[in-house]
Amino acid sequence: MFVRCAPSSGYTQLFSHGKAVDLGQTSGKPSEKNLYADINAAWQALRTRYGVSPENIILYGQSIGTVPTVHLASSIDKISKVTSPVLVIHGTKDEVIDFSHGLAMYERCSRAVEPLWVKGAGHNDIELYAQYLERLKQFISHELPNS
């Protein structure tokens, strides 16, 4: 699904959502291979159909959506091979993916910026914390190369 929120925006977000999120009717068989195929198809659509330059695409993975996001960013290698700036955000009370996983991802990133550890946030409510949106705004406006 492509949604143009602001015609003059400098960036386009490629969002890979978690398994409990419904963006409409789903089809196909869930598998790691299909996650990769889906994000590759979305990337190609952004590039060819919508004419978005790669340097203007922000990859955003939430929960299991992080898997295809890291895959696309690193071209099959994992997070330590990602060459663009990476912002890791994780709730300290995440009941689905333990906080240690977010910390480990941050520690393995070669281009990680200052992470956001949202004290008290769980897996499905992190977006409700004010510092979440503020940190994303700071990342986009000050820490990306085209800022």
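Owing to the predicted nature of the structure, the values given are computational and were not obtained by experimental measurement.

Draft legend 1. Broad picture of the overall build of the chain. Per the secondary structure count, the chain includes 4 helices and 4 strands. Ordered by position from N to C terminus, the α and β elements of the chain give β-α-β-α-β-α-β-α. Relative to its length of 147 residues, the chain is compact, with a C-alpha radius of gyration of 15 Å against a globular reference of 15 Å. Taking the principal axes of the C-alpha coordinates as reference, the chain spans close to 40 × 40 × 30 Å. By residue count, 31% of the 147 residues in the chain fall in the buried class. Charge separation in the chain, taken as the distance between the mean sites of 14 positive and 14 negative side-chain charges, equals 6 Å.

Draft legend 2. Quick look at the domain arrangement of the chain. Examined at the domain level, the chain breaks down into domain 1 (1–81) and domain 2 (85–146). Once you take the C-alpha centre of each, domain 1 and domain 2 turn out to be 18 Å apart. Roughly 980 Å² is buried in total at the junction of domain 1 and domain 2, and carbon and sulfur atoms are behind 58% of that figure. Remark: the boundary between domain 1 and domain 2 carries 0 salt bridges. Broken down by secondary-structure element, the contributors of at least two residues to the side of domain 1 that touches domain 2 are strand S2 (57–61) and helix H2 (66–74). A per-class count over the side of domain 1 that touches domain 2 returns 5 nonpolar, 5 polar and 1 charged.

Draft legend 3. Examining the pairing of strand S1 (residues 12–16) more closely. Residues of S1 alternate between two faces, with Thr-12, Leu-14 and Ser-16 buried on one and Gln-13 and Phe-15 left unburied on the opposite face. In the sheet, S1 pairs with S2 via 5 bridges, with the strands oriented parallel. Looking at S2, one finds that Gln-13 is bridged to Ile-58.

Draft legend 4. Seen up close, the packing of aromatic side chains. Going through the model one piece at a time under the given rule, you end up with 4 aromatic pairs. An angle of 50° between the planes, with centres 5.2 Å apart, marks the rings of Phe-15 and Tyr-60 as tilted. One end of the pair, Phe-15, is in strand S1; the other, Tyr-60, is in strand S2, and 45 residues separate them in sequence. Seen in terms of ring centroids, Phe-99 and Trp-117 are 5.0 Å apart; in terms of plane orientation they differ by 80°. Their pairing is edge-to-face. Of the two residues, Phe-99 sits in helix H3 (residues 99–108) while Trp-117 sits in strand S4 (residues 116–118), which places them 18 residues apart along the sequence.

Draft legend 5. Inspection of the nonpolar core at higher detail. Membership of the largest hydrophobic core comes to 13 residues, with the highest contact counts inside it found for Leu-87, Val-118, Ile-126, Tyr-132, Leu-136, Phe-139 and Leu-144. Looking at this core, the elements that each hand over two or more residues are S2, S4 and helix H4 (130–143). Per element, the largest residue contribution to this core is 3 residues, and it comes from H4. In this structure Ile-126 touches Ile-89, His-90, Gly-91, Val-118, Ala-121 and Tyr-132, once residues within four positions along its chain are discounted. Formed by 7 residues, the second largest nonpolar core is a distinct cluster that contains Ile-39, Val-52, Ile-57 and Leu-72.

Conventions and cut-offs
Residues numbered from 1 in each chain as written. Predicted model: local features only at pLDDT ≥ 70, side-chain atom pairs only at ≥ 80, totals over all residues. Heavy atoms only, no water. Helix = DSSP H or I, 4+ residues; strand = E, 2+ residues; numbered from the N terminus. Rg over C-alpha atoms; globule rule 2.2 N^0.38 Å. Buried < 20%, exposed > 50% of the residue type's maximum accessible area, 1.4 Å probe, protein only. Lys, Arg positive; Asp, Glu negative; His and termini not counted. Charge placed at Lys NZ, Arg CZ, Asp CG, Glu CD. Domains from an automatic or database assignment. Buried area = accessible area lost by both parts, 1.4 Å probe. Salt bridge = Lys/Arg side-chain N within 4 Å of Asp/Glu carboxyl O. Nonpolar A, V, L, I, M, F, W, Y, C, P; charged D, E, K, R; others polar. Pairing = 2+ DSSP bridges. Phe/Tyr/Trp six-rings, centres within 6.5 Å; stacked < 30°, edge-to-face > 60°. Core = buried A, V, L, I, M, F, W, Y, C linked by side-chain atoms within 4.5 Å. Contact = heavy atoms within 4.5 Å.

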